[in-house]
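# Coordinate inspection notes
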Amino acid sequence: MTQSRSANTFLALTRRRLLSGLAAVPILLALGQAVPAQDFPTSEVKGNDLAVTDDTVTVGILHSITGTMALSEAGSVQAEKLAIEQINAQGGILGRQIEVIQEDGASDWPTFAEKAKKLLVQDKVAAVFGCWTSASRKAVLPVFEQYNGLLYYPTFYEGLEQSKNVFYTGQEATQQILAGIDWVSKEKDAKTFYLLGSDYIWPRTSNKIARKHIEKLGGEVVGEDYYPLGHTQFNSVINKIKLRKPDVIYASVVGGSNVAFYKQLKAAGIDMTEEKPLLLTISVTEDEIRGIGGENIEGAYASMKYFQSLTNQNNEQFVKAFKERWGDDIVIGDVTQAAYLGPWLWKAAVEKAGTFDIDEVVSVSAGIEMNEAPEGYVRIHENHHLWSKTRIAQAQPDGQYKVVFETDELMEPDPFPEGYQ
Amino acid sequence: MGSSSHASTGTLDKSRFANPFFTREGWLYFAILAVLILVVFPLTLDAFRLNNVGKYLTYAFVALGLVLCWGHSGILSLGQGIFFGLGGYCMAMFLKLEASSPENTAIQSTPGIPDFMDWNQITELPWFWAPFHSFGFTLIAIVAVPMILAFVIGFAMFTRRVGGVYFAIITQAIAAILTILIIGQQGYTGGVNGITDLRTLLGWNIRTSEAQFILYFVCAGLLLASLLLCRAVHVSKLGRLVIAIRDKEDRVRFSGYDVAAFKIFVFCFAAGIAAIGGALFTLQVGFMSPTFVGIVPSIEMVIFAAVGGRLSFFGAIYGTLLVNYAKSTFSETFPELWLFAMGGLFIAVVMAFPDGLAGLYHRHVRPHLAKIPGLFDRQSGRGRDVVAQPAE
Amino acid sequence: MIGDYTYSEFGSILAMQGFAGLILFSVFVLMALGLAIIFGQMGVINMAHGEFMILGAYVTYLCSTFVSATIPAFFPYYFFVAMILAFCAAFALGVLVEWAMIRHLYKRPLDTLLATWGLSLVLQQTYRTVFGAREVGVSLPDWLIGSLPVTDVVEVPINGLFVMALTFVITAVVYLLMYRSNWGKRVRAVVQNRTMAGAVGINTRMTDRMTFGLGCGIAGIAGSAFTMIGSTGPTSGQQYIVDTFLVVVFGGAASLLGTIASAFTISQAQSTMEFFMSGSMAKVLTLLAVVGILMLRPQGLFTLKIRR
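Residues numbered from 1 in each chain as written. Chains lettered and ligands numbered in written order. Predicted model: local features only at pLDDT ≥ 70, side-chain atom pairs only at ≥ 80, totals over all residues.

## Brief notes about the overall build of chain B
This is how it is decided: Only runs of H or I of at least four residues qualify as helices and only runs of E of at least two qualify as strands under DSSP, and these elements are numbered from the N terminus. For this measure, only C-alpha atoms enter the radius of gyration; the expected value for a globule follows 2.2 Å times N^0.38, where N is the number of residues. Whether a residue is buried, exposed or partly exposed is read from the other C-beta atoms within 10 Å of its own C-beta, which are placed from the backbone; 20 or more gives buried, 12 or fewer gives exposed, and intermediate counts give partly exposed. By definition, residue pairs are in contact when their C-beta atoms, positioned from the backbone, come within 7 Å.
Within chain B one finds 16 helices and 2 strands. Its C-alpha atoms give chain B a radius of gyration of 22 Å, within 12% of the compact-globule value 21 Å for 392 residues. If one aligns the C-alpha atoms of chain B with their principal axes, the spans along those axes are about 75 × 50 × 40 Å. Counting every position in chain B, which comprises 392 residues, the buried fraction comes to 48%. For chain B, contacts bridging at least 24 residues in sequence account for 77% of all contacts bridging at least 6.

## Quick word on the overall build of chain C
Of regular secondary structure, chain C possesses 11 helices and 2 strands. Listing the helices and strands of chain C from first to last along the sequence gives α-α-α-α-β-β-α-α-α-α-α-α-α. Rg of the C-alpha trace for chain C: 20 Å, near the compact-globule value of 19 Å for 308 residues, within the 12% margin. In terms of its C-alpha atoms, chain C occupies a principal-axis envelope of roughly 65 × 55 × 35 Å. The buried share of chain C, taken over its 308 residues, is 58%. Considering only contacts within chain C whose residues lie at least 6 apart along the sequence, 77% involve residues at least 24 apart.

## Here's the deal with the UniProt feature "transmembrane region" (unreviewed entry) in chain C
All names here are of chain C. Selection rule: UniProt positions are given in the numbering used here, feature names are shortened, and annotations may be inferred rather than shown by experiment.
In the numbering used here, UniProt assigns the "transmembrane region" (unreviewed entry) feature to residues 20-40, 52-71, 77-97, 158-178, 212-233, 245-266 and 275-296. Along residues 158-178 one finds 100% helix and 0% strand; the C-alpha atoms at either end are 30 Å apart. Between the C-alpha atoms that bound residues 275-296 the distance is 28 Å, and the span itself is 91% helix and 0% strand.

## Re the interface of chain B and chain A
Basically, it comes down to this: Asp, Glu, Lys and Arg are counted as charged, while Ala, Val, Leu, Ile, Met, Phe, Trp, Tyr, Cys and Pro are counted as nonpolar; the rest, among them Gly, fall into the polar class.
Contacts between the two partners involve 26 residues from chain B and, on the opposite side, 30 residues from chain A. Breaking the side of chain B that touches chain A down by element, the ones donating at least two residues are helix H3 (47-72), helix H7 (164-184) and helix H14 (313-333) of chain B. By residue number, the principal contributor to the side of chain B that touches chain A is H7 of chain B, which donates 3 residues. For the side of chain B that touches chain A, the class distribution of residues is 9 nonpolar, 13 polar and 4 charged.

## Observations concerning the interface of chain A and chain C
Residue-level contacts link 35 residues of chain A with 41 residues of chain C. Put simply, the parts of the chain that give the side of chain A that touches chain C at least two residues each are helix H3 (70-89), strand E7 (220-227), helix H8 (235-244), helix H9 (256-267) and helix H10 (286-292) of chain A. Class assignment of the residues belonging to the side of chain A that touches chain C gives a composition of 14 nonpolar, 14 polar and 7 charged.

## Details of H14 of chain B
Our working definition: Here the expected span of a helix is defined as 1.5 Å times the quantity of residues minus one.
Here H14 of chain B is 21 residues long and its end C-alpha atoms lie 30 Å apart, about the 30 Å a rise of 1.5 Å per residue gives. Within the span of H14 of chain B, buried status applies to Phe313, Phe314, Gly315, Ala316, Ile317, Tyr318, Gly319, Thr320, Leu321, Val323, Ser328 and Ser331 of chain B.

## Side note on the UniProt feature "transmembrane region" (unreviewed entry) in chain B
Residue and element names in this part refer to chain B. Mapped onto this numbering, the UniProt entry annotates "transmembrane region" (unreviewed entry) at residues 26-45, 57-86, 135-158, 165-184, 213-233, 254-281, 301-325 and 337-354. End C-alpha atoms of residues 26-45 are separated by 27 Å, and the span's content is 95% helix alongside 0% strand. Taken end to end, residues 57-86 comprises 77% helix and 0% strand; its first and last C-alpha atoms sit 17 Å apart.

## Looking at the sheet that holds strand E4 (residues 151-153) of chain A
All names here are of chain A. Heads up, the condition is: In short, DSSP must find at least two bridges between two strands for them to pair. Between the N-to-C directions of two axes lies an angle of 0 to 180 degrees, each axis being a line fitted to C-alpha atoms and, for a helix, fitted only over the stretch in contact.
Reading across the sheet, the 5 strands line up as E2-E1-E3-E4-E5 and stay open at both edges, with parallel pairing between neighbours. Whereas interior strands pair on both sides, the edge strands pair on one side only; in this sheet they are strand E2 (97-104) and strand E5 (166-168). Strand-to-strand twist across the sheet, computed as the mean angle between neighbouring axes with direction ignored, equals 25 degrees. Across 2 bridges, strand E3 (residues 128-130) lies against E4 in parallel orientation. Of the residues in E4, the one forming a bridge with valine 128 is leucine 151.

## Description of the pairing of strand E6 (residues 192-198) of chain A
Residue and element names in this part refer to chain A. Inclusion rule: Orient the strands so they point away from the viewer; a crossover is then right-handed if the path from the first strand over the helix to the second runs clockwise.
Among the 7 residues of E6, 6 are classified as buried, and the element is accordingly described as predominantly covered. On the question of chirality, the crossover connecting E6 to the parallel E7 by way of helix H7 (residues 201-216) is right-handed. With 5 bridges joining them, E6 and strand E8 (residues 248-252) adopt parallel strand pairing. Residue pairing for E8: glycine 197 is matched across the bridge by serine 252.

Shown next as structure tokens:
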């Protein structure tokens, strides 16, 4: 990673001015004190010819709205749009309203790369919020690095990556996994684990980390299984689980497979509320439960950083705003919340830098704090991931999670964990 | 090459069946196409759009092969993505090995192997990756691997007289199976992510704008060459035999020809051309992913050929450009609705314009142009091209 | 001891895996039957088969929401009504599609592939526009959820039993229709010799239309049943389509018996292997075996003995 910290006197000045201004900006939704655009002449803030005018700045949203991933990415699009609308209502960034160009990645990785290039090269957007799967991120990463773009990526993911041009607003694998396993082995006295996932890089890496950590704690992995993405028949693995009798089923099944897995698990007579075995998932958010049905997953535990039922004030406002904007029956999952952070973190960084220039924004990003995040306080780590708490919650029949545990400290993001590779 | 094809028409009216390499008219079309993609596009499009057109042109390779395979020989393969993908994967493996030098991958637990292998706890380079250190081998493999697979499929199917819709769905099933294989064996193939982060070709950075510009011309040049090659096959005796096979397979068989051998040849040929397209795709886009091997791209490529006109090589290229341009534009303008447009296009082309753009041109535009003296040639008023007539 | 298991455990394994295999078999048959009927009859491959299934699933979803909102007392039984409605909806759409598209393309069977593919794109986007991009949750009556304990370890999922029973009924109905009814005679006559069938006064057009409708209708029922075991979203149909095609191709597309035999072989192979290795690996090995056999026997397991 090459981050050049420029000691520009002008910048230092604006930064100071801004920081003092920021302190006065009330939290979300309250109308902040708009910064007049004249203080930031376009010629000075547009960086390397970004799409910035005297009263607008253009950003991109790049998610799949068609294809197999559309169902997962829909929430992220809504969250990003909501955040941008709220920022605009507060007066925008550096006195400029944010305009959005939305592109469809169509669940197809080469399309993601093409659209990313279009956003950066043709539209010259100042930032892109988008991508969901690891594959789409891997596809666009070289584009962002080559054209020096800025990507805010919302999904919890496998780690093993760090780029100057990407900020990861979801948790990387160790943040999500370690606390969860610590908790089940301490609170539930779990010794044996059955690892089950969809067959791609994220579940495999996650399970690798989980296995190391389980063995470190003196536990035992009694089975590890992977099924192709979109697989719909889990009876065999359920039989295996029944025979091996693990204390914990550790599940990282994704997408439509989730629905099949939990419905079949329930049908096979495994009642998760009895916690024999206990099910701990790192992939089922409230969004997925809508498809699975609350009654089919009742009693399962999830280990993530955000749940819709969090009771802090930020979250209550966020949930209210989200429902007002997108309808009452909407649910909000971990990734949706992480996607919501993207525009706000970008706003904070831009205002700290006093310019939209990508290099400047990146160089001031480390250490940016956000007290107003629905999940609570977060901070950007030097490795471009977020410091965040990890929480354990139990699924309720109404499709919501009830938080049962929360780490005391923020978990440090560690995309290249020593001893877990 | 053109004159040799006259020999066997015997006493028939030569002027109707003779099929010279290109008529004057054909050369005119060729020149227009060459000027369009070699001069007009590079001069009028910005770097981003030109790179996109370059990407579309790699699909046009597949469409060319499909014209020969489907339009002329009646073999509908819904698995051309397999060959496109395999060609692309061969190229990607070479580029990935080059990008995974021990120095570049020093942070891995096993330096010197591609990063995704390291993530999957593989500690040495699998045997089938090793030859891809050699550029020469890679160039051969790009064409040879898909052609060998095509031969195996073709041999198994055609010698047992499997054809038509059944052949189409078997190729499709194979495409699906290969996708699952590639995704499932992620330690060896990169899984669903594909092989990403390709940077240099023999030390030449393929990501720069200049490199992309040069690669565009390489792609365009190879496409024009492939077009000539396809045309050469088409005007040869073999080219006319496969048309006969398409129209009345049994009669050709009873005449003593080995029908299967001709079909296998055409299928392998189309596979080889598609593979070249795939390799160029990898070079221009910088990664290869299993999505290309699957069912969806395979069928989309058939649609490119269908829109352009399944009987016309030129049509296939224009069709590919047009559909992809439409797809990009639609999805930029109406991201939520473009699938309706694409689906509608599929249905409309099949229902209303089975001969695609080329058919429309031949029916409505060409008769007017033909009236201009000296533009095509003296006999141009009549249908000169035997395959221009749609067959039942 | 066999491997890590005791003999009694091994017995349970055999019982449970056998049952898991049977469920998978039922699912495969249900998926593939509609496709095989249409292909066997008309040589048309309906690429929108998965979307017809999802139509059935959405109809079930609408039913469940409607019933639980209006007549909750009826909720335990709604599933049967939902399946019938799913059949009707898919049948109606099938007949419409046949009338609007397919009948114009009988002389160009390859083109039907492309046209129905276009149709599948349009249907997917329609579902997305109407129901949203997210998956919908179909709530099931309580009696369909849970399992029957046979021994301590062996438990039989009720929805699996239900799918098996349903598959049996539908297969039996299709058998009766195809081989014991006048309509079936007409269908088979058209398959074997369309011209002669027309000459003896069979309305081949109507036969085609009804067969296409029937195939789609069965897809609708399958989709409805699969709400018990899988997801319901705009693209869920694609989860099933690959397996469906494999089963039909492997069985020798023109034969219903072949479809059933192939579903049985693939499902048993897959579920047995899934037990002894990772699911992903089992799938790959099954598929490789299928491809290998297809290379040796490209017509599939069973073929109609007609000279082509």
